[in-house]
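Listed here are the chains, written in short residue letters.
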Amino acid sequence: MTMPAAVDEIQLASAARKPLFDYLPVSLFGSVMGLTGLSIGWRLASARYGLPAVIGDGIGWSALAVFGLLAVAYGAKAVTAWTSVQSEFRHPIAGNLFGTVLISLLLLPFVLQPLSPFLAAAAWMLGAGGMILFAFLIVSRWMGSRHQLAHATPAWIVPVVGLLDVPLAGPALGLPHTQTLMMFSLSIGSFFAVPLFTLVFARLVFEEPLVPAQRPTLMILVAPFAVGFSSYVATFGRVDAFAEALFLIALFVFAVLIGRLCDLPRCCPFRISWWAVSFPIAAMAVAALRYAGHAQAIAADAVALLLLGLATVIVVGLAMRTLVGIARGELRQLAG
C-alpha cells in the first residue's frame, strides 16, 4: 500500500469514528411533546368551536416529522458518541429527560391514529412499556444512592409523573384490556407527584435559584395537575369534583409560573431548554378545553381560548427561533 493510500484510509477511518450530533440533548424531544400537545388542543377547539381542523392536523404532522428527524439524529449520536449518551443518562438532572422520548411515543398516537391504527397502537404500547421501565429504573436510582437537594429540579418530575401520559391516548385507540394499565399508570404517577412536587418546591424555596438555562423547566411543575386532569378524565370518562380540583390547582400554579417566567426573553438568551415550557402550556390548554366542555360557561371558554392562543404563540415562536438557529449553524451553541 502506498503512502498516500494509507493516509487516505486513516482519514476515512477517522471520519467514520467522528461523533455525530454529540451535542444534541435528549431534552429536544420536548419539542415533539409541545407540538403534539398543541395539535391535540387545536383538534379539541375545532370540535368545540368549529375552528379549522387542518391547523391541528398540520401541527400534528409537523410533530411526527420532528420526531423522525430527532430519532435519526439521536440514533446517530448513540452509534458514534455512545459515551456521551451514557454520560447524559447518568447525569442527575439531564438523565431524567430521557422520559421525553417515551412521552413523545405516548402522545404521537393522537397523530398516527387517523393514518394507521396499527402504528398508533404500536407507538403507544412501546411508549407505555418503556415509560414504566424507565420510571422503575429512575426510582431505583433515587433510592440506591445519595443525592444533593440542589439536583432536585423540575426535570425530576418527568420520569415517574410522566406515567400520567399513558392513559391519554388509551380511549382513542380502543385496545382491549388496557384499563388496568391506564389505572396503574394514573395511580403511580399521581402518588409520586405529591412528594416530587414538594421536594422540588422545597429546593426552589431554600436553595439557590435555578441557573438561567434551567429556568424554563419551572413550567414542568404545571404538568402533574394539567396532565393529571386529562389523564383522570381519560381513565374514568368523566369530570367530577376531584378532576375539577386538579384543573383549578393547575390554573393557580400556571398563573404563578407565568409571572416567574414572563421576563425570560429579556434576562436569558435562547437555548434548546426553552422547549421545556411548550408541553406544559399545551397541556394546560388541552385541560382547559376539556374543562370548558364540562362547565358549559362563557368564562371557561374564554380561558380555554386564551390558553390555546398563548400556547400557539409560544410554540410557533420556539419553532421559528430554533429553525433560525439551525440555519445559522448555532445548534451546538443553543444546546449548551
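Anything mentioned here points back to the structure above.
Sequence positions are assigned chain by chain, starting from 1 and proceeding in written order. The model is predicted, so local features are restricted to residues of pLDDT at least 70 and side-chain atom pairs to those at 80 or more, both for listing and for counting; the totals for chains, interfaces and linings are taken over all residues. In computing side-chain properties, one takes all heavy atoms of the structure into account and sets aside hydrogens as well as water.

Enquirer: Give a description of the overall build of the chain that names residues and reports values.
Expert: On a plain count of helices and strands, the chain comes out with 16 helices and zero strands. When we talk radius of gyration, it's over C-alpha atoms, and the globule rule is simply 2.2 Å times the number of residues to the 0.38. A globule of 336 residues ought to have a C-alpha radius of gyration of about 20 Å, and the chain, at 21 Å, matches this closely. On the principal axes, the C-alpha backbone points of the chain span a range of 80 × 50 × 45 Å. Buried positions account for 49% of the 336 residues belonging to the chain. Within the chain, contacts between residues separated by at least 24 positions form 79% of all contacts whose residues are at least 6 apart in sequence. Segments assigned H or I by DSSP are reported as helices when at least four residues long, segments assigned E as strands when at least two residues long, and all are numbered from the N terminus. Each residue gets one of three labels from its accessible area relative to the maximum for its type: buried under 20%, exposed over 50%, partly exposed in between, using a 1.4 Å probe on protein chains only. Note on contacts: a residue pair qualifies if any of its non-hydrogen atoms lie within 4.5 Å across the two residues.

Enquirer: Can you explain unusual backbone geometry? Please cite residues and give values.
Expert: Not every positive phi belongs to a glycine, and His177 is a case in point at roughly 60 degrees. Here His177 lies in the loop between helix 9 (170-173) and helix 10 (179-206). Phi is positive for Gln296, close to 50 degrees, though the residue is something other than glycine. Considering the arrangement of structural elements, one finds Gln296 in the loop between helix 14 (278-295) and helix 15 (298-327). Using a relative accessible area of 57% as the deciding quantity, one classes Gln296 as exposed.

Enquirer: Before we move on, can you summarise a nonpolar patch on the surface with the specific residues and values?
Expert: A contiguous nonpolar patch, built from Leu133, Phe136 and Leu137 and spanning about 320 Å² of accessible area, is present on the exposed surface. Mapping Phe136 onto the fold places it in helix 7 (residues 117-144). The patches reported here contain residues having more than 30% relative accessible area and no salt bridge. Joining distances are 9 Å for like charges and 5 Å for nonpolar side chains (Val, Leu, Ile, Met, Phe, Trp, Tyr). Methods summary: accessible areas were calculated by the Shrake-Rupley approach with a probe of 1.4 Å, and residue burial reflects only the protein chains presented. For salt bridges, the criterion is a side-chain nitrogen of Lys or Arg within 4 Å of an Asp or Glu carboxyl oxygen.

Enquirer: Explain the nonpolar core to me, and be specific about the residues and the numbers.
Expert: Definition used in this section: a nonpolar core is a set of buried Ala, Val, Leu, Ile, Met, Phe, Trp, Tyr and Cys residues joined via side-chain atoms within 4.5 Å. Counting residues in each nonpolar core, the largest one holds 107 residues, and the members touching the most others are Met219, Val222, Phe229 and Met284. In this view, Met219 contacts Phe254, Leu257, Ile258, Leu261, Val277, Pro280 and Ile281; residues no more than four positions away in its chain are not counted.

By themselves, these are just geometric observations and shouldn't be taken as functional.
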